[in-house]
Each structure stands twice: as structure tokens, then as C-alpha cells.
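# Architecture at a glance
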Amino acid sequence: MKHAGELAKELSSQVDSLPVSCDEFAAYNLHPLREQTTPMSLPVFDDSLDDADIDKMMENAALATNFLKAIGHEGRLLILCHLASGEKSVAELEELLSARQAAVSQQLGRLRLEGLVRPRREGKAIYYSLTDDRCKRIISVVYDLFCKTD
């Protein structure tokens, strides 16, 4: 059985080499065997984990890392915050963010590439919305931790 330090080194060296996208992230839980009934699920590391479990955890960690990299930019995070309340056009996002169209489009392109937003064309306007509930859930937690005033 490997120790946590060995696993961390192995994981950090292999995470960037795994060919996974944020789309795949939704299909997995961080821990492959344990379902937690508490509001917040946390990974459980114990002696019952076999090599397949550890491999699955490494794969899931790579999925989570790619997801977090995609939202780990101020501009992209703000775009996701605005889209959490509903569909917006590129022009609306430009105004809400006080940013140029090129900058907004670049960040939307990255979010689209990661499968976090989907475009819809209506005439000359392009509207964006979130593809699923993952971003809304993360935005809610980020808001509670960093923005909400008690």
C-alpha cells in the first residue's frame, strides 16, 4: 500500500498527462467507492483502497483539476457568475463585465472548449448559457465563501 506522500507525487506528475475534459468531470465522483450522506462529500483514504481505486481517484483528480483550471480565471469566473442567473448575449456580457468584445469572446471560447457553456445564435446575436448544474453549484459555494455578507 502506498503512503499519501507517494500518491501525491505520483498524482502531480500524471495529472497533466491525462487526456480528460471538464465534460467528463460530471460523470465521476471524487471517491469511487464511498457515497457520503453528509451535505459535503470528502475523500476517504484508508487501507481498503486497491490499485484500481487509486487509479480511479487519480483520474477523477485530473478531471477536477481541468474543471478548476477552466474556472480559475477572473474573467471566466465572472462570466460564469453572470450566466448562473440565465442566458446572456455576448453584448450583455461585454456591458456587465466592462470588457471589450474580443476579451469576452476569448474567455467564452475557453469555457465552450471545456464544455461549460453552450452558444445559441439568434440573428446576428450569440447567446450563451451554462451547459449543466456544475458551474451553478460551484458559483454558489464561491459566493457563500467570498461574496456573501452576513
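Everything in this summary refers to the structure shown in the same document. Along each chain, residue indices are assigned from 1 in the same order as the chain's sequence is written. Note on the predicted model: pLDDT of at least 70 is required for a residue's local features to be given, and 80 or more for side-chain atom pairs to be given and counted; whole-chain, interface and lining totals, by contrast, use all residues. Values reported for side chains reflect all heavy atoms of the structure, with hydrogen atoms and water molecules removed beforehand.

### Overview of the pattern of salt bridges
Here, a salt bridge means any Lys or Arg side-chain nitrogen found within 4 Å of an Asp or Glu carboxyl oxygen. According to the stated counting rule, one finds 5 salt bridges in the structure shown. The residue Glu122 makes a salt bridge to Arg120 at a minimum N-O spacing of 2.8 Å. Partly exposed residues are those whose accessible area sits between 20% and 50% of the maximum for their type, while under 20% is buried and over 50% is exposed, using a 1.4 Å probe and protein chains only. By relative accessible area, which is 44% here, Glu122 ends up partly exposed. Of the residues examined, Arg120 reaches a relative accessible area of 34% and is grouped as partly exposed. Among the charged side chains, a network of salt bridges with common partners joins Glu87, Arg120 and Glu122.

### With respect to the packing of helix α5 (residues 90-97) against helix α6 (residues 101-113)
A pair of packed helices is characterised by two quantities: the angle between their axes and the separation of those axes. Lines fitted to C-alpha atoms define the axes here, with helix axes fitted over just the stretch in contact, and angles between the N-to-C directions of these axes take values from 0 to 180 degrees. Segments assigned H or I by DSSP are reported as helices when at least four residues long, segments assigned E as strands when at least two residues long, and all are numbered from the N terminus. α6 packs onto α5 with a crossing angle of 110 degrees between their chain directions and a minimal axis gap of 9 Å. Compared by their axis directions, α5 and α6 come out roughly perpendicular. Considering the relative orientation of α5 and α6, their crossing is right-handed. Facing Val90, Leu93, Glu94 and Leu97 of α5, the residues of α6 in contact are Gln101, Val104, Ser105 and Leu108. Here the residues of the contact of α5 with α6 are counted per class, giving 5 nonpolar, 2 polar and 1 charged. Note that the term roughly parallel is reserved for angles under 35 degrees, roughly antiparallel for angles over 145, roughly perpendicular for angles of 65 to 115, and oblique for everything else. Crossing chirality is assigned from the near helix's rotation relative to the far helix, an anticlockwise turn below a right angle marking it left-handed and a clockwise turn marking it right-handed. For this analysis, residues touch if any pair of their heavy atoms sits within 4.5 Å. Any residue that is not Ala, Val, Leu, Ile, Met, Phe, Trp, Tyr, Cys, Pro, Asp, Glu, Lys or Arg is counted as polar, Gly included; the first ten are nonpolar and the last four charged.

### Examining the nonpolar core
What makes a nonpolar core is a set of buried Ala, Val, Leu, Ile, Met, Phe, Trp, Tyr and Cys residues whose side-chain atoms join them at distances within 4.5 Å. Core analysis: the biggest nonpolar cluster contains 19 residues, and Ile79 and Leu80 have the highest contact counts within it. Those elements that place two or more of their residues in this core are α3 (51-71), α4 (74-83), α5, α6, β3 (125-130) and α7 (134-147). Not counting residues within four places of it along the chain, the set of residues in contact with Leu80 comprises Ile71, Leu111, Val117, Leu130, Cys135 and Ile139.

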